[in-house]
Amino acid sequence: MPIATVNPATGETLRTFRPLGPDEVEERVAAAHRAFRRYRTTGFPERTALLLRAADLLEEDLPEIARTVTTEMGKPLTAARAEAAKCVKAMRWYAGNAEALLADDGPSDADVRDSGAATARVHYRPLGPVLAVMPWNFPLWQVVRFAAPALMAGNTGLLKHASNVPQTALYLEDLFRRAGYPDGVFQTLLTGSDAVEGVLRDPRVAAATLTGSEAAGRSVAAIAGDEVKKTVLELGGSDPYLVLPSADLERAAATAVTARTQNNGQSCIAAKRFIVHADVHDEFVDRFTAGMAALRVGDPMDESTDVGPLASERGRADLEELVDDAVGHGAGVRCGGRRPEGLDRGWYYEPTVLTGVTPAMRLHHEEAFGPVAAVYRAGSLDEALDIANDSPFGLSSNVWTRDDAEVERCVRDLEAGGVYVNGMTASHPALPFGGVKRSGYGRELSGHGIKEFCNATTVWRAA
């Protein structure tokens, strides 16, 4: 895949970039290793000042970088601005909390006295250069939610970004440079995916994190496993959205529209499978369909646009194949299901609601990365949970009910990294984020995330 900015609203190639050669990649890996030797010895006051400066610069750059993001991957400009603002928030949160999150901890002295120790503590030390393989769908946020905790912990970063967002990738390197980070602390590797294995196998690279497809995760995990290196993987998701009889249907349906179409439907944590109790199925579907059909599809630079184009022509084709397969196996199309009229340039697809989805359809088992909702009718909570868990993925989940017993049952039984009750799944810097099953392993964000790339070192002192 060429490294290029291709505007998904028009299909026009705007800029192309020369990939780094092997010697240039080697220079950057060496620089990250050299920088780590000194940067790991810096204190929290210095790291905090650097990250706060980066946050301030990003806030100043917000209008410009939002336009770059929209140009490269097609999300509505309003959403691009919100993504950049969220990055600023996360940077400031980690700048203000990292020292406390990484403070020494451990058992009381009395608990370890029988070991012969007078004291025993756990110190959290950085691992070294971390390779981050990042996707295009949230090209700022996915990087910052790795970089902010990793840099505050004292690691250095090597970013291999998606090949269709090169300008965003280069901007991030420049952002940290302008903030005053020492040379080599954060660098972008403008390369194709074929360079990832060599970088990950390099003994100077300590660990890796990847957000992306299941196939990419398998590849990185296999290489890292062979090299005995730590990885964190956030892969696909096909999140269930359970609507039970006591739900506020007006709120549940309105939220469902946003939950399915955020980021043009190209979000791992977007609700994708809507599992509705038979008692409220028809009313919910009517409300949900009306909301989806009312969305405005168009130029993502237009402030009034709700849904922009898919990020790539291949992505739209994949989505069309899933819809065609579902319809061929008997799914009903309540709205959408086609390319919108009057938008012949670019990779647009109408917000779509499919009912009567069954396990015979690919849509039941595969992730729909675009504004397509799969709706199921469930006769009971047991059946709703069975449908929800009948998926290879387990990233997050949504439950709409006013019944506390149903909430507790869902929290206990849903196979997911998160359960959001009467609201939409969203990531937040103070909360751990990640999944189970084929959605990956490890956690990002919060104290859990910052410790993923730390060496929890036991320090034992004799009496």
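For the structure itself, consult the block above.
Scope of this entry: the structure provided in the associated data block. (Residues numbered from 1 in each chain as written. Predicted model: local features only at pLDDT ≥ 70, side-chain atom pairs only at ≥ 80, totals over all residues. Heavy atoms only, no water.)

### Looking at the overall build of the protein
Selection rule: Each helix corresponds to a stretch of at least 4 residues labelled H or I by DSSP, and each strand to a stretch of at least 2 residues labelled E; elements are numbered beginning at the N terminus. To get the radius of gyration, use the C-alpha atoms; to get the globule rule, take the number of residues to the power 0.38 and multiply by 2.2 Å. Every residue pair with non-hydrogen atoms within 4.5 Å of one another is taken to be in contact. All accessible-area figures derive from a Shrake-Rupley calculation using a 1.4 Å probe, and residue coverage is judged against the displayed protein chains alone. Charge counting follows a simple rule: Lys and Arg are positive, Asp and Glu are negative, and His as well as the terminal groups are ignored. By convention, the point assigned to a charge is CZ for Arg, NZ for Lys, CD for Glu and CG for Asp.
Helix and strand counts for the protein stand at 14 helices and 19 strands. Since a compact globule built from 463 residues should have a radius of gyration of about 23 Å, the 23 Å found for the protein is in line with a globular shape. Considered along the principal axes of its C-alpha atoms, the protein spans approximately 70 × 60 × 40 Å. Nonlocal contacts in the protein, meaning residues at least 24 apart in sequence, comprise 73% of its contacts between residues at least 6 apart. For the protein, the computed accessible surface area is about 18400 Å², with 50% contributed by carbon and sulfur atoms. If you average the places of the 49 positive and of the 63 negative side-chain charges in the protein, the two averages end up 5 Å apart.

### Remarks on the pattern of salt bridges
Two side chains carrying opposite charge are able to pair once their charged atoms lie near each other. The condition is simple: For this analysis, a salt bridge means a side-chain nitrogen from Lys or Arg found within 4 Å of a carboxyl oxygen belonging to Asp or Glu. Note on classification: 1.4 Å probe, protein chains only; a residue is buried when its accessible area is under 20% of the maximum for its type, exposed when over 50%, partly exposed between these limits.
As enumerated under the stated definition, the model contains 36 salt bridges in all. Note that Glu24 and Arg18 form a salt bridge whose closest N and O atoms lie 2.9 Å from each other. In this structure, Lys437 and Glu415 form a salt bridge, with 2.8 Å as the shortest nitrogen-oxygen distance. Taken together, the residues Lys437 in strand E17 (residues 436-437) and Glu415 in the loop between helix H13 (404-413) and strand E16 (420-421) connect sequence positions 22 residues apart. Its relative accessible area of 35% is what places Lys437 among the partly exposed residues. Counted as one network, the salt bridges with shared partners bring together Asp61, Asp174, Arg177 and Arg178.

### So, the pairing of strand E12 (residues 352-355)
Walk down a regular strand and you will see the side chains alternate between the two sheet faces. Condition: Strands qualify as paired when DSSP identifies two bridges or more between them.
Covered by surrounding structure in E12 are Thr352 and Leu354 together with Val353 and Thr355, the residues of both alternating faces. Two strands pair when backbone bridges link them, and strand E11 (residues 332-335) and E12 are joined in this way by three bridges, in the antiparallel orientation. Directly across from Gly332, in E12, lies its bridge partner Thr355. Pairing analysis gives three bridges linking E12 to strand E13 (residues 372-378), with the strands arranged parallel. Directly across from Thr352, in E13, lies its bridge partner Val372.

### Describing the sheet that holds strand E7 (residues 207-211)
Stated formally: A fitted line through C-alpha atoms represents every axis, and for helices the fit uses only the stretch in contact; the resulting angles, taken between N-to-C directions, go from 0 to 180 degrees.
Strand order in the open sheet formed by six strands is E6-E5-E4-E7-E8-E18, with mixed pairing between adjacent strands. Since the sheet does not close on itself, it has two edges, and those belong to strand E6 (186-188) and strand E18 (440-441), each with one partner. One ladder, built from five bridges, connects E7 with strand E8 (residues 230-234); its direction is parallel. Its bridge partner being in E8, Thr211 is matched across the sheet by Glu234. Against the sheet, helix H1 (residues 22-39) makes contact with strand E4 (129-133), strand E5 (156-160) and E6, and its axis sits at roughly 155° relative to E5, the strand it touches most. Lying over the sheet, helix H4 (residues 141-152) contacts E4, E5, E6, E7 and E8, oriented at roughly 165° with respect to E5.

### Concerning the sheet that holds strand E10 (residues 271-277)
Judged by pairing direction, the sheet is mixed, and its seven strands sit side by side in the order E11-E12-E13-E10-E9-E15-E16 without closing on themselves. Across the chains shown, the open sheet's two edge strands, defined by having one partner strand only, are E11 and E16.

### Considering the environment of Gly184
Within the secondary structure, Gly184 is located in the loop between helix H5 (166-178) and E6. Remark: the alpha-carbon pair of Gly184 and Gly449, spanning 265 residues in sequence, is separated by 22 Å. Setting aside residues no more than four positions away along its own chain, Gly184 makes contact with Ala31, Ala32, Ala35 and Thr156.

### Brief notes about the nonpolar core
This is how the line gets drawn: Buried residues of nine kinds, namely Ala, Val, Leu, Ile, Met, Phe, Trp, Tyr and Cys, make up a nonpolar core once their side-chain atoms join them within 4.5 Å.
In terms of nonpolar packing, the biggest core is built from 64 residues, with Leu51, Met91, Phe176 and Tyr181 touching the most fellow members. Contributing elements (two or more residues each) for this core: H1, helix H2 (44-73), helix H3 (77-101), strand E3 (117-126), E4, H4 and H5. In this structure, Leu51 is in contact with Met91, Tyr94, Ala95, Ala148, Met152, Phe176 and Tyr181, ignoring residues within four places of it in sequence.

### Comments concerning the packing of helix H12 (residues 381-389) against H13
Note the following rule: Roughly parallel means an angle under 35 degrees; roughly antiparallel, over 145; roughly perpendicular, 65 to 115; everything else is oblique. By definition, any crossing whose near helix is turned counterclockwise from its far helix by less than a right angle is left-handed, and any crossing with a clockwise turn is right-handed. Charged means Asp, Glu, Lys or Arg here, nonpolar means Ala, Val, Leu, Ile, Met, Phe, Trp, Tyr, Cys or Pro, and polar covers whatever is left, Gly included.
Remark: H12 packs on H13, axes separated minimally by 11 Å, with the N-to-C direction vectors making an angle of 30°. Relative to H13, H12 is oriented roughly parallel. The two elements H12 and H13 meet at a crossing, and its hand is right-handed. Between H12 and H13, the contacting residues are Leu381, Asp382, Leu385 and Asn389 on the first element and Glu406, Arg409, Cys410 and Asp413 on the second. For the contact of H12 with H13, the per-class residue count stands at three nonpolar, one polar and four charged.

### Here we look at H13
How we decide: Directions pointing from the helix axis toward each C-beta atom define the arc. Counting of polar contacts relies on pairs of N or O atoms within 3.5 Å, with two restrictions inside protein: one atom must be capable of donating a hydrogen and the other of accepting it, and residues adjacent in sequence are counted only when both atoms are side-chain atoms.
Within the sequence span of H13, burial applies to Glu406, Val407 and Cys410. Down the axis of H13, the buried side of the element spans an arc of 105°, and every buried residue falls inside it. Residues of H13 that are exposed and angled more than 90 degrees away from the buried face: Asp404, Ala405, Glu408 and Arg412. On its buried face, H13 is in contact with strand E9 (239-243), H12, strand E15 (398-400) and E16. Structurally, the start of H13 carries an N-cap: the backbone nitrogen of Ala405 is 2.8 Å from a side-chain oxygen of Asp403.

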